[in-house]
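Single-letter residue listing:
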Amino acid sequence: MTTAWMETAAGTGGGGAAIVVVGVVVAALLIGAFWLGVRVMRRESRPPRPDEQPRLPDSGPVREVREHRESDEVPRSDVRLTPHQLPGHGNAGSRTSTSKDRPRWDEGSSGSFGSGGPGGS
């Protein structure tokens, strides 16, 4: 068994040829990927010109609206409802709250669930 191992370890040059073949295959794959990328880029539409860019509305930039929202109630039923039977097909709806005050954290509370303690010191 030792002689067979030594012959394999010494090699006959086949290992070097395999490395060259693998290198040529990898180089061919890289060149092919580059060529394919160039073809794909040529088929894409051109970037928009400056006059085709979006413009700011005449009224100016759109401002952020801050409001307190309340969830819509789930309809009461004697049978279990599936999401497609709910209004909005299971997407929870909401409406503007009657209260204009934004909810705040309780004083002395961390506001985190599972904080492991009562909050403030």
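Residues numbered from 1 in each chain as written. Predicted model: local features only at pLDDT ≥ 70, side-chain atom pairs only at ≥ 80, totals over all residues. Heavy atoms only, no water.

> Which parts of the structure should I look at to understand the overall build of the protein chain?
Helix and strand counts for the protein chain come out as two helices and two strands. Ordered by position from N to C terminus, the α and β elements of the protein chain give α-α-β-β. Taking as baseline every contact in the protein chain between residues at least 6 positions apart, the subset at least 24 positions apart corresponds to 45%. When the accessible area of the protein chain is evaluated, it comes to approximately 11,800 Å², of which 59% is carbon and sulfur surface. (Helix = DSSP H or I, 4+ residues; strand = E, 2+ residues; numbered from the N terminus. Contact = heavy atoms within 4.5 Å. Areas by Shrake-Rupley, 256 points an atom, 1.4 Å probe, with all protein chains shown as cover.)

> Just checking my understanding: could you explain the confidence of the model for the protein chain for this structure?
Detailed reading of the predicted coordinates is not advisable wherever pLDDT falls low. In this model, the protein chain carries a mean pLDDT of 77, and residues with pLDDT of at least 70 account for 68%. Helix H2 (residues 14-43) holds the highest mean pLDDT among the elements of the protein chain, 93, whereas helix H1 (residues 2-10) holds the lowest, 55. (pLDDT = per-residue confidence, 0-100.)

> Would you take a moment to explain the environment of Arg69 for this structure?
Within the secondary structure, Arg69 sits in strand E1 (residues 69-71). Judged by relative accessible area, which is 38%, Arg69 ranks as partly exposed. In this structure Arg69 touches Ser94, Arg95, Thr96 and Ser97, once residues within four positions along its chain are discounted. (Buried < 20%, exposed > 50% of the residue type's maximum accessible area, 1.4 Å probe, protein only.)

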